[in-house]
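Each chain, letter by letter, is given below.
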Amino acid sequence: KQEVTQIPAALSVPEGENLVLNCSFTDSAIYNLQWFRQDPGKGLTSLLLIQSSQREQTSGRLNASLDKSSGRSTLYIAASQPGDSATYLCAVVVSNTGNQFYFGTGTSLTVIP
Amino acid sequence: NAGVTQTPKFRVLKTGQSMTLLCAQDMNHEYMYWYRQDPGMGLRLIHYSVGEGTTAKGEVPDGYNVSRLKKQNFLLGLESAAPSQTSVYFCASTTDRFRAEAFFGQGTRLTVV
């Protein structure tokens, strides 16, 4: 069974700092990896989708990389802002059970003004 | 564009009562999913559907039933609610489970007393 781990579980940084969130997965046979943002009491909002054939995706201040062979992805947030405070989740779609997204438990990010 | 809409947003049930959660999407997506989110455990798949009239079990299906009579709607039923079903329930949909991003509803917070 695919296991997805996100470290750290919580992170607190001062405004303006660049930061990296980590996601690792045990089964490298994935179709894609998706990063989500979840605000307290809200649903998940898709941030970036990386296909298994891609190495990275960028959207504004966000950059996600994927190293399938080592089972790792990172989400880089540049020039962090208080509005970035949220929980960030990664999820993978595995080749042999393509109907399911396997989620990590998330990293709770607090950006201090 | 409403995206994915869940009804209701909050509900309190007594043990043994039944209820139905409704998920509606207006994006003409084929694939729909029901997840539950519990502290420290991440999101776990309950049931999913790959098209109108189809349903299948996910990781934690016991105590739940689903139906997909119309393409845009995916219903999750609890026949006899138990305290262990206290959770936040999320519906998601996608047009292509391998190549497209997933869209999530805002969640239903269910408490069983």
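Please refer to the structure placed before this passage.
Basis of the calculations
Residues numbered from 1 in each chain as written. Chains lettered and ligands numbered in written order. Predicted model: local features only at pLDDT ≥ 70, side-chain atom pairs only at ≥ 80, totals over all residues. Heavy atoms only, no water. Helix = DSSP H or I, 4+ residues; strand = E, 2+ residues; numbered from the N terminus. Rg over C-alpha atoms; globule rule 2.2 N^0.38 Å. Buried < 20%, exposed > 50% of the residue type's maximum accessible area, 1.4 Å probe, protein only. Contact = heavy atoms within 4.5 Å. Areas by Shrake-Rupley, 256 points an atom, 1.4 Å probe, with all protein chains shown as cover. Lys, Arg positive; Asp, Glu negative; His and termini not counted. Charge placed at Lys NZ, Arg CZ, Asp CG, Glu CD. Phe/Tyr/Trp six-rings, centres within 6.5 Å; stacked < 30°, edge-to-face > 60°.

Counting its secondary structure elements, chain B contains 0 helices and 11 strands. Ordered by position from N to C terminus, the α and β elements of chain B give β-β-β-β-β-β-β-β-β-β-β. Computed over C-alpha atoms, the radius of gyration of chain B comes to 13 Å, within 12% of the 13 Å expected from 2.2 N^0.38 for 113 residues, which places it in the range of a compact globule. Taken over the C-alpha atoms alone, chain B extends approximately 40 × 30 × 25 Å along its principal axes. With 113 residues in all, chain B has 51% of them scored as buried. Within chain B, residue pairs in contact and separated by at least 24 positions form 54% of the contacts whose partners lie at least 6 positions apart. Accessible surface computed for chain B: about 5,300 Å², of which carbon and sulfur atoms make up 51%. Both charge centroids of chain B, one from 12 positive and one from 9 negative side chains, sit 6 Å from each other.

What follows deals with the packing of aromatic side chains. Taken as a whole, this structure holds 9 aromatic pairs over all chains when the rule is applied. What links up through ring pairs into an aromatic cluster is the set Phe36, Phe101 and Phe103 of chain A together with Tyr33, Tyr35, Tyr48 and Phe104 of chain B.

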